Amino acid sequence: MKKIVTVACVAALVSGVGVGLADDDEHGQSGQGSGGARDVRVIATNDLGMHCVCMGFDTFILLPPFNTLRAQVIQRAEEPRVLADPNDIRVEYNIVENTDDSLKADPYFQSWLTNSPKLFPGFQPIDPADGRIQGLTGAKLSGEMEAKSSQGWWEMAGIPAYPALDPEGVMIDPLGGPNRNPYLTGNVKVYDQKNGKLLAETNTTVPAAFGGCCSCHIDLAAANGYPADPYGSFEYMGLLHEGDSGINIAQIDPDGDGVPGPIRCSQCHLDPAMGETTPPGYVGYPISQYTFSDVLHRFHAQSNEVLTNWNPNIATDCYQCHPGNGVDCYRGHHVDKGLWCTDCHGDLNQRIAEGQLQQPWSAATLPKCADCHSNTGEGGGYLNMGIFGAYLNSRGHEDNKILCSTCHGEPHALYPSTLAKDNDQSIALQGHAGPIDACGVCHTDRSGTGNPHNVDD
Amino acid sequence: MKGILFSIVLLYIIALPLTPSAWAADKAEEAGVIDTRSTLHLFMEWEERKTFPDSMPFAYYHAYALMALQGKVQPEVAEKITAFILSCQTRNGGFAVRPALTQNPNILFTYYAIKTLDLLDKINLVDKNKIIRYTLSLQQDDGGIKGSSTNGDAPNLATTCYGIEVLKQLGAIDSLEKEKTVAFINRYRENGAGFGVSVGHGSTPEASFLGLNALETLDALTAQTREELSTYFLGTRYAGLIKDKKYKTLPKLKTMSFTLDGLHALGNLDKADRAAITAFVESLYIPENGGFGPMPGLGTTPASTFYGVVCLVHLGLLPEPAAATREQGNIKSKRINGLVSRQQPGKTHNK
């Protein structure tokens with residue numbers, strides 16, 4: 001009997017577990033599995049650290065629900081391997097606070113369900129095959145991540161994550177509705193494709209917040225005799241737009257139903273964040289020569305109406321719009337250093353003067369770590385520039401396989417973050433908040449910390 | 001007799017908290033929520049920024065707040081602010097928002113430049129006549145003053161009022177075509193109420209204070225207008241007199257500060273519900289860092305912390321900056337209508 005119990009205990013100890021059992025390595029991690037024969041780590045991040053989304057979609061929209069989750073999976077060993085073969089493992093994600101039922105019942109998200117096919121012709125926000133909510137890329141609120149095998153990570157772009165109704169949430173509703181939680185949870189699980197066993201699991205922050213436009217524009221509409229609601233705002237916005245460009249956007253009726261709207265600004269103004277290289281335009285209306293970033297930021301920073309009647313500091317007051325509503329999404333380590341948004345991104349006046357806004361979201365105009373930090377390896381041959389800039393897609397460590405964000409956290413939420421939730425993952429991995437600097441997180445033969453930026457290490 | 005009076009005055013001086021910061025701290029303790037020492041510390045942290053003061057409005061906010069919180073601006077900080085301001089002046093006399101953007105002077109930033117230099121007692125460092133000429137160059141045939149000389153730029157109430165303030169500060173208000181300017185300003189008046197940001201539309205506290213202040217400067221504020229503006233300000237949510245009404249949007253600290261500016265200018269602050277106003281201002285105080293947020297539920301911003309300080313000044317919880325500098329050493333201080341003044345230590349209205 002004793003033998004049976006002993007064998008059973010040993011079996012229990014070595015059996016595949018991904019959740020809840022503390023690792024017996026020196027770091028005392030929990031939530032990361034020692035899945036039988038395979039000792040795997042998964043580290044997930046959001047791509048930008050914040051995604052803004054509009055509250056309603058009946059009139060005009062800037063940004064649709066669109067969130068991107070990334071994960072790197074590492075086989076622990078003396079020589080760890082990055083796992084990105086979909087034949088080997090399966091990586092699943094789930095946005096914990098967003099369910100199909102909760103979003104279908106959300107009055108603001110219902111506007112998306114109704115209007116998104118008009119905004120994006122051909123798009124079906126509910127997958128007819130399974131009745132589930134899907135985003136512009138087909139991504140759902142839960143599912144399998146796509147392997148980026150050549151790059152060494154897993155990704156799901158276009159998850160239609162949306163701020164969750166939550167009376168305790170930090171995000172206020174400028175239309176007076178209940179507060180919401182903009183810091184959702186992205187749960188990521190790694191399974192062995194051969195035996196279906198859960199190998200590792202982690203949670204990361206998936207941020208989604210309402211942009212701050214309505215906070216001012218509702219008041220602006222009211223101050224000019226229009227209803228203090230999105231419809232009044234749209235109507236007045238149309239007049240303002242007409243004053244500048246000759247085009248009253250509140251008269252554009254893309255679906256021909258006799259009711260103006262819904263329209264999206266990026267239909268006429270290039271916005272690389274929408275994944276387009278040319279704005280599609282509306283029939284009968286010209287495409288603008290100005291990017292969305294240029295017109296929006298330049299107008300607000302230079303308009304005497306804005307400066308004198310609304311905010312003389314709008315050029316440095318990023319939270320007025322990004323995202324606003326009480327969500328201080330810039331919450332990472334740099335906050336503790338007294339750095340403001342403008343210290344990395346420049347203030348609007350500076351960016352306008354330098355012509356940056358004609359090239360938004362580009363490697364040329366986004367901040368680089370090397371602007372302040374040495375020994376980042378930038379320029380060392382493994383910088384992967386592309387849309388969204390240097391930090392986001394850069395990799396380092398030996399063989400340049402580890403995303404900077406995997407160890408340092410997502411943009412705007414660099415470890416250690418001032419939002420406790422952001423730090424849960426790094427604490428689970430190494431026992432303390434901060435950049436992943438414990439070699440033993442991945443290396444079975446190492447303890448302590450090393451120099452992860454030294455490619456010869 | 002004279003000796004007795006002198007002794008009483010001397011004892012009174014000794015009994016008074018002599019420094020504005022100590023006075024402010026006492027008041028803050030009485031208020032029970034706001035720690036102005038913490039607010040002062042926050043401003044001092046911002047001074048450490050390489051790009052301090054970052055912009056022209058921030059320069060003013062900083063100088064004003066330091067005066068209110070501690071009665072002075074340290075010489076080295078004053079030097080930094082002054083150097084920043086002077087580097088923002090353009091060839092035509094106007095001021096830009098920051099250095100390196102001197103191709104874009106604006107009346108708003110010129111206003112903040114002059115106000116700040118005046119607070120720091122450095123106004124004599126600038127060529128006043130040049131600034132006056134710049135401001136007058138922006139006046140239009142309809143009496144309005146544009147924000148900038150950019151083609152297509154049109155004057156509005158706010159740009160006109162800031163222009164008037166600049167001229168007033170520089171002692172050149174008589175250079176204006178007053179009648180036309182008054183007519184321009186009055187176009188923004190809502191019948192029987194306040195002023196709006198655009199002609200023919202609803203009143204806002206911000207526009208109403210700007211309009212009222214400008215008319216007063218131009219000696220054009222009639223008794224009827226004064227009364228109607230009083231009624232308007234006291235009828236807004238910010239006077240604290242409206243109970244049990246639900247609003248769609250959240251109240252804003254900036255709007256509260258302009259409402260208090262307006263009530264103060266009209267001598268009607270004592271008719272407002274001071275307790276309700278104080279409670280609102282206190283609710284936007286962020287104890288973690290001593291700052292203020294712009295609306296309920298939001299975190300600290302530099303601008304809203306400035307507006308919080310302005311509200312505390314109007315509520316008598318901080319001394320008025322102009323008084324603090326110009327009457328330094330004098331036991332009398334400017335009385336804010338109906339509220340605490342340093343002449344009456346121990347008497348407060350904040351409970």
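Asks: Got a minute to help me understand the overall build of chain A in this structure?
Replies: Regarding its fold elements, chain A presents 13 helices and 17 strands. Of all 457 residues assigned to chain A, the portion counted as buried reaches 51%.

Asks: Which parts of the structure should I look at to understand a negative patch on the surface?
Replies: All names here are of chain A. On the surface, Glu78, Glu79, Glu398 and Asp399 cluster together to form a negatively charged patch. Structurally, Asp399 can be placed in the loop between β16 (395-396) and β17 (402-403). Judged by its relative accessible area of 56%, Asp399 is exposed.

Asks: Explain the sheet that holds strand β3 (residues 51-53) of chain A to me, please; I cannot follow it from the model alone.
Replies: Hydrogen bonds along the backbone pair up the strands of a sheet, which may run parallel or antiparallel. Residue and element names in this part refer to chain A. The mixed open sheet is built from five strands, whose spatial order is β3-β14-β13-β7-β8. Where the open sheet ends on each side, the last strands, each with one partner, are β3 and β8 (142-144). Going across the sheet, the axis of each strand differs from the next one's by a mean of 25 degrees, ignoring polarity. Pairing of strand β13 (residues 183-192) with strand β14 (residues 198-210) involves nine bridges; the strand directions are antiparallel. The residue bridging Tyr183 from the neighbouring strand is Pro207, located in β14. Across the sheet, helix α13 (residues 420-430) is in contact with β13 and β14; its angle to β14 comes to roughly 160 degrees.

Asks: How do you make sense of the environment of A:Thr418 when you look at a structure like this?
Replies: Residues and elements named next belong to chain A. Relative to the helices and strands, Thr418 resides in the loop between α12 (404-408) and α13. Along the chain, Thr418 and Leu62 lie 356 residues apart, while their C-alpha atoms are 28 Å from each other. If we ignore the near neighbours within four places in the chain, the residues touching Thr418 are Arg331, Gly332, Val335 and Asp336. At 2.6 Å, the side chain of Thr418 and the backbone oxygen of Arg331 are in polar contact.

Asks: Looking at this structure, I do not really get helix α3 (residues 107-119) of chain A. What am I missing?
Replies: Since the α-helix turns once every 3.6 residues, residues separated by three or four places project in the same direction. Residue and element names in this part refer to chain A. Taking 1.5 Å as the rise per residue, α3 with 13 residues should run 18 Å; its terminal C-alpha atoms sit 18 Å apart, in good agreement. Along its length, α3 reaches its greatest deviation from straightness, about 30 degrees, at Leu113, and the proline Pro117 lies no more than four positions downstream. Along α3, the residues that are buried comprise Tyr108, Phe109, Ser111, Trp112, Leu113, Asn115, Ser116 and Leu119. Looking at the buried residues of α3, the elements they touch are β4 (60-61), α2 (100-105), β12 (180-181), β14 and β15 (263-264). Regarding α3, its N-cap is Asp106, as a side-chain oxygen of that residue lies 2.9 Å from the backbone nitrogen of Tyr108 further along.

Asks: Where do I start with the packing of aromatic side chains in this structure?
Replies: For the structure shown, the criterion picks out 26 aromatic pairs over all chains. Ring centres of A:Trp112 and A:Phe123 lie 5.9 Å apart, and the angle between their planes is 45 degrees; on these two criteria the pair is classed as tilted. On the criterion of sequence distance, the pair formed by A:Trp112 in helix α3 and A:Phe123 in the loop between α3 and β8 is long-range, its members being eleven residues apart. Measuring from ring centre to ring centre gives 5.4 Å for B:Tyr64 and B:Phe306, while their planes differ by 75 degrees; the resulting arrangement is edge-to-face. Pair noted here: B:Tyr64 is in helix α4 (residues 56-70) and B:Phe306 is in helix α14 (residues 302-314), with a separation of 242 residues, a long-range link. Assigned by exposure class, B:Tyr64 and B:Phe306 land together as buried. The residue whose ring lies beneath B:Arg189 is B:Phe195, and the NZ or CZ to ring-centre distance is 5.9 Å. The ring of B:Tyr247 has B:Arg237 sitting right over it, with the charged end atom 4.0 Å from the ring centre.

Asks: How do you make sense of empty space enclosed by the protein when you look at a structure like this?
Replies: Over the atoms, a rolling probe the size of a water molecule traces out where space has been left empty. All names here are of chain B. Counted according to the given criterion, the structure contains six cavities of 30 Å³ or more. Within this model, the largest cavity holds a volume of roughly 90 Å³. At three residues, the largest contribution of residues to the lining of the largest cavity is made by α4. Residues belonging to the lining of the largest cavity are distributed by class as follows: eight nonpolar, one polar and two charged.

Asks: Would you mind showing me how to read the environment of A:Asp336 here?
Replies: Residues and elements named next belong to chain A. As for its placement among the helices and strands, Asp336 is situated in helix α8 (residues 333-336). With a relative accessible area of 55%, Asp336 lands in the exposed category. Counting along the chain gives 24 residues from Asp336 to Pro312, while the straight-line C-alpha distance between them is 26 Å.

Asks: Which parts of the structure should I look at to understand the interface of chain B and chain A?
Replies: Frequently, the measure chosen for interface size is the accessible area that the parts lose on association. Contact residues are listed per partner, giving 40 residues for chain B and 34 residues for chain A. Carbon and sulfur atoms make up 51% of the surface buried where chain B meets chain A, a total of about 2800 Å² over both sides. Of all residues in chain B, the largest losses of buried area upon contact with chain A belong to B:Arg49, B:Val197 and B:Lys248, amounting jointly to 19% of the total for that side. Along the contact surface separating chain B from chain A lie three salt bridges. A salt bridge links B:Arg49 to A:Asp343, with the shortest nitrogen-to-oxygen separation between them at 2.8 Å. At the level of secondary structure, the elements contributing two or more residues to the side of chain B that touches chain A comprise α4, α6 (107-119), α8 (157-169) and α14 of chain B.

Asks: Mind showing me how you'd approach helix α3 (residues 36-46) of chain B here?
Replies: Among all positions of α3(B), only B:Thr36, B:Ser38, B:Thr39, B:Leu40, B:Leu42, B:Phe43 and B:Trp46 are buried. Of the residues flanking the start of α3(B), the one acting as N-cap is B:Asp35, its side-chain oxygen 3.0 Å from the backbone nitrogen of B:Arg37.

Asks: Would you mind going over the state of the cysteines with me for this structure?
Replies: A disulfide bridge is the covalent bond that connects two cysteines by way of their sulfur atoms. Scanning all chains against the criterion turns up zero disulfides over all chains. Just so you know, A:Cys329 is unpaired, no disulfide at all, and the nearest cysteine sulfur is the one on A:Cys52, 6.5 Å from it.

The rules behind each value
Residues numbered from 1 in each chain as written. Chains lettered and ligands numbered in written order. Predicted model: local features only at pLDDT ≥ 70, side-chain atom pairs only at ≥ 80, totals over all residues. Heavy atoms only, no water. Helix = DSSP H or I, 4+ residues; strand = E, 2+ residues; numbered from the N terminus. Buried < 20%, exposed > 50% of the residue type's maximum accessible area, 1.4 Å probe, protein only. Patch = residues over 30% accessible without salt bridge, like charges linked within 9 Å, V, L, I, M, F, W, Y side chains within 5 Å. Areas by Shrake-Rupley, 256 points an atom, 1.4 Å probe, with all protein chains shown as cover. Salt bridge = Lys/Arg side-chain N within 4 Å of Asp/Glu carboxyl O. Lys, Arg positive; Asp, Glu negative; His and termini not counted. Charge placed at Lys NZ, Arg CZ, Asp CG, Glu CD. Pairing = 2+ DSSP bridges. Axes fitted to C-alpha atoms, helices over the stretch in contact; angles between N-to-C directions. Contact = heavy atoms within 4.5 Å. Polar contact = N/O pair within 3.5 Å; in protein donor to acceptor, adjacent residues only side chain to side chain. Expected span 1.5 Å × (residues − 1). Bend = angle between axes of the 7 residues up to and from the residue. Phe/Tyr/Trp six-rings, centres within 6.5 Å; stacked < 30°, edge-to-face > 60°. Lys NZ or Arg CZ within 6 Å of the ring centre and 35° of its normal. 1 Å grid on protein atoms, 1.4 Å probe; cavity = no way out; pocket = protein on both sides within 12 Å on 5 of 7 lines; lining within 4 Å. Points joined across faces, edges and corners; volume = space filled by probe spheres on them. Nonpolar A, V, L, I, M, F, W, Y, C, P; charged D, E, K, R; others polar. Buried area = accessible area lost by both parts, 1.4 Å probe. Disulfide = S-S within 2.5 Å.

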